[in-house]
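Residues per chain, in single letters:
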Amino acid sequence: QSQCPFKAFASTRLAAQTWQPAQAALTPSQRGQLLHAVLHSIWAGPPQGIRSHAELQTLPDRRTFVASHVSRVLPEELSPAIRRQMPQRYLVLEEMRLTALITEWLDYEASRLPFAVAATEVDTSVHIAGLTLNLRLDRIDRLNDGSLLVIDYKSGDVSPKAWDLPRPQDVQLPLYAGFALEPDDELGGLVFAKVRPAKHAFAGRVGAAATTLFSGLKSSNALMKAPCTAEQLIDWRDSIEQLAKDFLAGQAEVDPRDPPKTCQRCGLQTLCRVHESETIPQSDDTCPDDLDSGGSTDE
């Protein structure tokens, strides 16, 4: 609704979808699902998983630990049809890639201040201004001060700038933080967990990052420069409630947030025909007579 009201109408009410090109390998979406499944398995707790920073630090061999979860999760998450389509060697390489990637991520998390994982893959329903949404939170950590950190795993390049008001590009994490927690829970922050080769990082808003997330953070660090505040959470809640009201009121105009960038990632241009409203410039040497479809030749 915030990116483009028509996109919300078309994708949610009309169930319109963009064309998905065929790929010889796993799609980015499938790779993302595997990443989520392995991390969920790792942090699910005993008997095979762990549940805290202390347990992570005492693992004798993190790579072997991760490899055991990857080898168990892949057959469960990839259907027999998908596995038959992929060369066996490719699947072996994918298993190796996931093992290396998540091992590096756990090494990064081991440098954090003490924490415990309160929950993973949390399914919940919320009611916002008459709209019911079914949510799934990737992970919730309890920080050393007792507050909660809402975490969303991402394998691509994402930024908390997407939450900026008045018209946010994405409201997923503000929605989780503002509506999915219990009223008595204290929010410590909300972050993207950017699980990317050699670029692991938390990106988001944390109330006291230097004392709850990483020690020794410099004042120039993004987590320090833009902390999470109660006022910000209220503003996000108000904005999300207004988006819900707009959707229920039937506001469905073609109004992309940031054209043409918003439209490039939409895939529904043939339905909204947004490009038909664009002015196509003509070159200076184009003669109007040349555009006459009924012109004749000298032959």
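Above this text is the structure in question.
Residues numbered from 1 in each chain as written. Predicted model: local features only at pLDDT ≥ 70, side-chain atom pairs only at ≥ 80, totals over all residues. Heavy atoms only, no water.

**Looking at helix α7 (residues 172–180)**
For the α-helix, the turn length of 3.6 residues means that residues three or four positions removed from each other point alike. For α7, the buried fraction is high: 8 of the 9 residues fall into the buried class. Listed in full, the buried residues belonging to α7 are Leu173, Pro174, Leu175, Tyr176, Ala177, Gly178, Phe179 and Ala180. Buried-residue contacts for α7 involve β1 (115–128), β2 (131–143), β3 (148–154), β4 (187–194) and α10 (230–248). (Buried < 20%, exposed > 50% of the residue type's maximum accessible area, 1.4 Å probe, protein only. Helix = DSSP H or I, 4+ residues; strand = E, 2+ residues; numbered from the N terminus. Contact = heavy atoms within 4.5 Å.)

**Points about the sheet that holds β4**
The 5 strands are arranged β1-β2-β3-β4-β5 in an open sheet whose pairing can be described as mixed. One side of each edge strand has no neighbouring strand; the edge strands of this open sheet are β1 and β5 (201–206). Ignoring which end each strand starts from, the neighbouring axes of this sheet average 30 degrees apart. In the sheet, β1 pairs with β2 via 12 bridges, with the strands oriented antiparallel. Each residue of the ladder has a partner; that of Ser125, found in β2, is Asn134. Against the sheet, helix α2 (residues 28–42) makes contact with β1, β2 and β3, and its axis sits at roughly 125 degrees relative to β1, the strand it touches most. (Pairing = 2+ DSSP bridges. Axes fitted to C-alpha atoms, helices over the stretch in contact; angles between N-to-C directions.)

**Describing the side chain of Arg139**
Relative to the assigned elements, Arg139 resides in strand β2. Separated by 3.0 Å, the side chains of Arg139 and Tyr153 make a polar contact. Arg139 has contacts with Trp43, Glu109, Arg112, Phe115, Val117, Ala119, Thr120, Leu149, Val150, Ile151 and Tyr153, leaving out every residue within four places of it along the chain. (Polar contact = N/O pair within 3.5 Å; in protein donor to acceptor, adjacent residues only side chain to side chain.)

**Here's the deal with the side chain of Glu94**
Within the secondary structure, Glu94 is located in helix α6 (residues 88–110). Once residues within four sequence positions are removed from consideration, Glu94 is found in contact with Leu26, Arg31 and Leu34.

**A word on the packing of α7 against α10**
Where α7 meets α10, the closest approach of the two axes is 9 Å, and the angle between their N-to-C directions is 100 degrees. Comparing their axes, α10 and α7 come out roughly perpendicular. Residues Pro174, Leu175, Ala177, Gly178 and Phe179 of α7 touch α10, and the partners they reach there are Leu233, Trp236, Arg237, Ile240 and Glu241. Here the contact of α7 with α10 is composed, by residue class, of 7 nonpolar, 1 polar and 2 charged. (Parallel < 35°, antiparallel > 145°, perpendicular 65-115°, else oblique. Nonpolar A, V, L, I, M, F, W, Y, C, P; charged D, E, K, R; others polar.)

**Some points on the layout of surface pockets**
By volume, the largest pocket is sized at about 1500 Å³. Counting only elements with at least two residues in the lining of the largest pocket, the list comes to α1 (5–13), β2, α7, α10 and α11 (261–264). For the lining of the largest pocket, a count of residues per class yields 16 nonpolar, 10 polar and 9 charged. The volume enclosed by the second largest pocket comes to roughly 400 Å³. Considering the residues around the second largest pocket, the lining is formed by 15 residues, among which Thr27, Pro28, Ser29, Gly32 and Ser155 are closest to the centre. Counting only elements with at least two residues in the lining of the second largest pocket, the list comes to α2 and β3. The leading source of residues in the lining of the second largest pocket is α2, at 6 residues. Class assignment of the residues belonging to the lining of the second largest pocket gives a composition of 5 nonpolar, 9 polar and 1 charged. (1 Å grid on protein atoms, 1.4 Å probe; cavity = no way out; pocket = protein on both sides within 12 Å on 5 of 7 lines; lining within 4 Å. Points joined across faces, edges and corners; volume = space filled by probe spheres on them.)

**With respect to unusual backbone geometry**
Among all residues except glycine, the phi angle is most often negative; among peptide bonds, the trans geometry is most common. For the bond running from Pro46 to Pro47, omega is 10 degrees, close enough to zero to count as cis. Along the chain, Pro47 turns up in the loop between α2 and α3 (53–57). In this structure, the amide linkage connecting Pro259 to the following residue, Pro260, adopts the cis form with an omega of 0 degrees. For Ala198, which is not glycine, the phi torsion reads 60 degrees and is therefore positive. Exposure remark for Ala198: the relative accessible area of 73% places this residue in the exposed category. Notably, Arg273 is not glycine yet its phi reads approximately 55 degrees, a positive angle.

**Digging into the pattern of salt bridges**
For the coordinates displayed, the defined rule picks out 15 salt bridges. Two residues, Lys154 and Asp152, come together in a salt bridge whose shortest N-O distance is 3.2 Å. Looking at Lys154, the relative accessible area reads 23%, which means it is partly exposed. The partner of Asp164 in a salt bridge is Arg205, and the shortest N-O contact between them spans 3.9 Å. (Salt bridge = Lys/Arg side-chain N within 4 Å of Asp/Glu carboxyl O.)

Function cannot be inferred from these measures alone, as they are strictly geometric.
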